[in-house]
Amino acid sequence: MAKTVYLTTVDNPYDPETQFDEWYAFDIEKGYDSCGLLARVAKTADGLSDLDNEKEIERAIDEIVKYNLSGMHKKLIKNN
């Protein structure tokens, strides 16, 4: 079964998959910039396959959650 992973925060009431605009607005309003954080940590590249980039994004999310000093970030897994 395929899965999609997302970086989100424990207080964000919106679904980043189906309510991205609302999720993003809430995230920015609270000052989290989760997308920016993920972009800084993930080492994705155009030369990598989609699967390799997806694996790298999940690795980066796991790292962010592991060293989650604020306690706000969490990993959201959606089974497709």
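Worth saying up front: this structure is predicted, and the values here are computed from it rather than measured.

Attention now moves to the packing of helix 2 (residues 34-41) against helix 3 (residues 50-66). Contact pair helix 2 / helix 3: the axes reach a minimum separation of 9 Å and the direction vectors enclose 110°. The angle between the axes of helix 2 and helix 3 places the two elements in the roughly perpendicular class. The handedness of the crossing between helix 2 and helix 3 is right-handed. Side by side, helix 2 and helix 3 meet where Leu37, Leu38 and Val41 of the first sit next to Glu56, Ile57, Arg59, Ala60, Ile61, Glu63 and Ile64 of the second. The residue inventory of the contact of helix 2 with helix 3, partitioned by class, reads seven nonpolar, no polar and three charged.

Phi is positive for aspartate 33, which is not a glycine, with a value near 50°. Along the polypeptide, aspartate 33 turns up in the loop between helix 1 (20-29) and helix 2. Owing to a relative accessible area of 28%, aspartate 33 belongs among the partly exposed residues under this scheme.

Right, let's talk about the pattern of salt bridges for a bit. It is possible for side chains bearing opposite charge to pair when their charged atoms get close. Applying the stated criterion across every chain yields a total of seven salt bridges. With a closest N to O distance of 3.0 Å, glutamate 58 and lysine 3 form a salt bridge. Highlighted residues: glutamate 58 in helix 3 and lysine 3 in strand 1 (residues 3-9), separated in sequence by 55 residues. Note that aspartate 62 and lysine 75 form a salt bridge whose closest N and O atoms lie 2.8 Å from each other. Pair noted here: aspartate 62 is in helix 3 and lysine 75 is in strand 2 (residues 73-79), with a separation of 13 residues, a long-range link. We classify lysine 75 as partly exposed; its relative accessible area is 26%.

Reading the values: rules and limits
- Residues numbered from 1 in each chain as written.
- Predicted model: local features only at pLDDT ≥ 70, side-chain atom pairs only at ≥ 80, totals over all residues.
- Heavy atoms only, no water.
- Axes fitted to C-alpha atoms, helices over the stretch in contact; angles between N-to-C directions.
- Helix = DSSP H or I, 4+ residues; strand = E, 2+ residues; numbered from the N terminus.
- Parallel < 35°, antiparallel > 145°, perpendicular 65-115°, else oblique.
- Left-handed = near helix turned anticlockwise from the far one by under 90°.
- Contact = heavy atoms within 4.5 Å.
- Nonpolar A, V, L, I, M, F, W, Y, C, P; charged D, E, K, R; others polar.
- Buried < 20%, exposed > 50% of the residue type's maximum accessible area, 1.4 Å probe, protein only.
- Salt bridge = Lys/Arg side-chain N within 4 Å of Asp/Glu carboxyl O.

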